[in-house]
Amino acid sequence: MLLSPYERSEGDEMTLNLIKLASRNQFAMNGYEGASLATIANEVGIKKQSIYTYFKGKDELFSEVFEDSWNTEEDFINKYFHGGSDLEIERLLHGFLLEYIERYEKDDNTNFFLRTIFYPPLHLKDTISQRGNEFIEQLQERIRSLFEEANTKNTFMFQTDVDHAAIAYIALMDGMFVEMLFGGLQRARIRLDASWNIYWRGIK
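Computed from a predicted model, the values in this text were never measured in an experiment.

**Student:** What is the right way to look at the packing of aromatic side chains in this model?
**Tutor:** Each aromatic ring pair is characterised by the separation of its centres together with the angle its planes make. Counted under the stated rule, the structure contains 23 aromatic pairs. Geometrically, the ring pair formed by Phe-76 and Tyr-80 is tilted, given 6.1 Å between the ring centres and 50 degrees between the ring planes. Taken together, the residues Phe-76 and Tyr-80, both in helix 4 (residues 58–83) and 4 residues apart, mark about one turn of the helix. Exposure class is identical for Phe-76 and Tyr-80. Each is buried. Both rings, one in Tyr-199 and one in Trp-200, keep their centres 6.4 Å apart while their planes meet at 50 degrees; by these two values the pair is tilted. Here Tyr-199 and Trp-200 have matching classes, each one buried. Put simply, the rings of Phe-76, Tyr-80, Phe-81, Phe-96, Tyr-100 and Phe-177 touch in pairs and so form one group of aromatic residues. Positioned over the ring face of Tyr-32 is Lys-58, at 4.6 Å from the centre of the ring. Arg-131 extends its terminal NZ or CZ atom over the ring of Trp-70, reaching a point 3.9 Å from the ring centre.

**Student:** Would you mind going over the side chain of Ser-69 with me for this structure?
**Tutor:** Inspection of the secondary structure assignment puts Ser-69 in helix 4. At 3.3 Å, the side chain of Ser-69 and the side chain of Asn-109 are in polar contact. Sequence-distant contacts of Ser-69, defined by excluding residues within four places in its chain, comprise Asn-109, Phe-112 and Phe-113.

**Student:** Which parts of the structure should I look at to understand the packing of helix 6 (residues 108–118) against helix 8 (residues 162–182)?
**Tutor:** Two quantities define a packed helix pair, namely the angle between the helix axes and the distance between the axes. Taken N-terminus to C-terminus, the directions of helix 6 and helix 8 make an angle of 100 degrees; their axes are 11 Å apart at the nearest point. As summarised for this structure, helix 6 and helix 8 are arranged roughly perpendicular, according to the angle between their axes. Two secondary-structure elements touch here, helix 6 through Leu-114, Arg-115 and Phe-118 and helix 8 through Asp-174, Phe-177, Val-178, Met-180 and Leu-181. Along the lines of polarity and charge, the residues of the contact of helix 6 with helix 8 split into 6 nonpolar, no polar and 2 charged.

**Student:** Quick question: what am I supposed to make of the environment of Asp-108 here?
**Tutor:** By the secondary structure assignment, Asp-108 is in helix 6. Between the C-alpha atom of Asp-108 and that of Ala-168, which follows or precedes it by 60 residues, the distance is 28 Å. Every residue in contact with Asp-108, bar those within four places of it in the chain, is listed here: Arg-24 and Asn-25.

What counts and how
Residues numbered from 1 in each chain as written. Predicted model: local features only at pLDDT ≥ 70, side-chain atom pairs only at ≥ 80, totals over all residues. Heavy atoms only, no water. Phe/Tyr/Trp six-rings, centres within 6.5 Å; stacked < 30°, edge-to-face > 60°. Helix = DSSP H or I, 4+ residues; strand = E, 2+ residues; numbered from the N terminus. Buried < 20%, exposed > 50% of the residue type's maximum accessible area, 1.4 Å probe, protein only. Lys NZ or Arg CZ within 6 Å of the ring centre and 35° of its normal. Polar contact = N/O pair within 3.5 Å; in protein donor to acceptor, adjacent residues only side chain to side chain. Contact = heavy atoms within 4.5 Å. Axes fitted to C-alpha atoms, helices over the stretch in contact; angles between N-to-C directions. Parallel < 35°, antiparallel > 145°, perpendicular 65-115°, else oblique. Nonpolar A, V, L, I, M, F, W, Y, C, P; charged D, E, K, R; others polar.

Pasting the structure below:
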C-alpha cells in the first residue's frame, strides 16, 4: 500500500529521500534499464519490497526522480540569473555556459538530468522529451527577455533581432551539451571557446 504524504512520518520521508537519491545515482550511472530496484534498495539498506511502499514501480520512481531533477535545474537557473543581474550581459551568458560545464562535471543532479533528456527510456520518451522541451523553451524565453531589456535600455547594440539571438544562444548551448555527453568536458570547453567568440561577434 502506498503511503500518502499525510501518512508519512519523518523516518518515512528520510527513507523516501534516500531511495530517490540512490535511484538518481543508479539511473545516471547505468541508465533506466541497467538500474535495478534491488541494487537501489541495497544501497539504501532496505528490502526491495519496501520501495513499493512509496512507488508503484520503477516507472513511477524514475519519473519522480526526473521531476525532482528538473526542478533542481530550474532553481539553479533562477538563482544564477538573479544573482548575476549586475553583470555585463556577455559575462552573464558566457558564464552560464561555463557554469553548466562545471555542474555536469561535479553535480550528480545535472549529470542525471542531461543524460535523461538526451537518452530517455524509450517507453517514457514522449513525456521526458516534452519536459525537456519545456525546460529549453523557458530558458530561451529568459534569454530573449534579457536581450529585449538590453535592447530597450540601449545598453547593447544587436546585429540581429532579439528572437534570433536567443534561438542561436540555445543552439550553441545544445551543441555544448552534446559535446559534453559524447566528446567529454575538455572538447566541450574547446568548442565553446571557439563558438562563443563567433556567436558574440555575430549578434553584436
